[in-house]
Amino acid sequence: MAGGSGPTGRGVTISGWGASLPETVVTNADLTTLFDTSDEWIVERSGIRSRHVATGPFVPGPDAHADVDGVGTTATLSIEAGRRALARAGVEPSEVGLLILCTTSPDQAVPATSAAVAASLGIGGGAMDLNAACAGFTYGMVAAHGMVTAGLDRVLLIGAETLSRLTNWTDRTNAFLFGDGAGALLFEAVGGDDGLLGWDLGVDGSLVSILYADHDGSGMVMKGKEVFRRAIRATVESATASLERAKVDPAEVALFVPHQANWRIMSAVAERLGIGEDRIASVIEHTGNTSSASIPLALVEALEAGRVHEGDVILLAGFGAGMTWASAVWRWLG
Ligand code: ACO
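Cut-offs applied
Residues numbered from 1 in each chain as written. Predicted model: local features only at pLDDT ≥ 70, side-chain atom pairs only at ≥ 80, totals over all residues. Heavy atoms only, no water. Buried < 20%, exposed > 50% of the residue type's maximum accessible area, 1.4 Å probe, protein only. Helix = DSSP H or I, 4+ residues; strand = E, 2+ residues; numbered from the N terminus. Pairing = 2+ DSSP bridges. Near = heavy atom within 4 Å. Polar contact = N/O pair within 3.5 Å; in protein donor to acceptor, adjacent residues only side chain to side chain. Areas by Shrake-Rupley, 256 points an atom, 1.4 Å probe, with all protein chains shown as cover. Nonpolar A, V, L, I, M, F, W, Y, C, P; charged D, E, K, R; others polar.

Student: Hey, could you run me through the pairing of strand E13 (residues 324-331) in this one?
Tutor: As a general feature of sheets, a regular strand has side chains that alternate between the two faces. With respect to burial, E13 is a largely interior element, 6 of its 8 residues being buried. In terms of strand pairing, strand E8 (residues 196-203) meets E13 through 7 bridges, oriented antiparallel. When the bridges of E13 are listed, Val-203 appears paired with Thr-324. The pairing of strand E12 (residues 313-320) with E13 spans 8 bridges and is antiparallel. Bridging from a neighbouring strand, Gly-320 pairs with Thr-324 of E13.

Below, the structure is given as structure tokens:
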């Protein structure tokens, strides 16, 4: 679906941000105890050196798998990231009109994980989950922006995952890729300028079979090469469409925040767009692929590092299972 851009009558800014990562860090060396692999192979193929996990064989405790009431769930990670974003903005949870939780690893099939998160945070308005796999957070940005322009004063957008629960820890072809975490942004109405300059959303549901996880617990199934090839093409095409709608040249992009799936994909997309590697926001080395959480985790780290300044143009672009893709061009209003 093609997206628009331009004046909406009501400006939207990002006024708060926060992140959360589980304590347990699993290195590539740790993975060599589970299957035949090496640190060199994983770093060369993906750029990943370690990942944070909330569940699985490396999490201490009698039950390695967190339950919905336990620590390290999609909800607990979301709550921590959301609380930090609200504190940063100086906003009370009761002032938030909508919570959108982007996740492909909800804690339960029913209800939406956002319900528990909203209750714990004390969100004043509604709450819903959004699942567009690894493109989810960018879909969420467009949705959050739309709800603010439609009349809500504040929308809290969280991307959170416990992909460790969907990982088959014996499958060396993809277990090294995934990690857990959460990132959050608070969208607020402002008079005047609007942050969203252009966007693009898409899906090709004929490609479900190249990346999926069933309810039977057998873990993530992925045709890696096929995903790799299509991911680069879809992300470049979507980002190009968003930049054109925003009337922004790639040379004007101060920061590129791609979905953190694989450093080779991220750098290939940047190269094709004409964006230098020094302008990529990357956390893949220490988080792995955290699906819906990856873009906010990378953006929050860039913000905390002082890499974003008032007036900067930020390009966000992701792709994921479905196959979905999404991109957005955002001007940082400060
Ligand atoms: N350690 C060592 N060797 C391995 C491992 C491992 N962990 N896994 C596979 N190999 C071997 C294979 O058996 C194969 O050996 P062979 O040539 O003797 O048969 C060889 O390494 C090459 O394997 P390929 O699968 O061809 O490796 P490739 O270069 O394609 O890299 C990778 C694999 C990293 C998974 C790559 O295909 C990729 O990144 N794909 C996209 C992944 C992605 O982005 N997924 C997520 C997108 S959506 C979402 O985020 C949920």
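Still more ground to cover, so stick around.
Student: Please explain the site of the ligand as it appears in this structure.
Tutor: For the ligand, the set of nearby residues contains 22 residues, the closest of which are Thr-37, Arg-45, Cys-134, Asn-262 and Asn-289. Here an oxygen atom of the ligand sits 3.4 Å away from a polar atom, N or O, in the side chain of Trp-41. Protein contacts shield 75% of the accessible area of the ligand, which totals 1000 Å² for the unbound molecule. Elements that contribute at least two residues to the shell around the ligand include exactly helix H2 (39-46), helix H6 (224-246), helix H7 (263-273) and E12. Sorting elements by how many residues they give to the shell around the ligand places H6 first, with 4 residues. A class-by-class count of the residues in the shell around the ligand yields 10 nonpolar, 7 polar and 5 charged.

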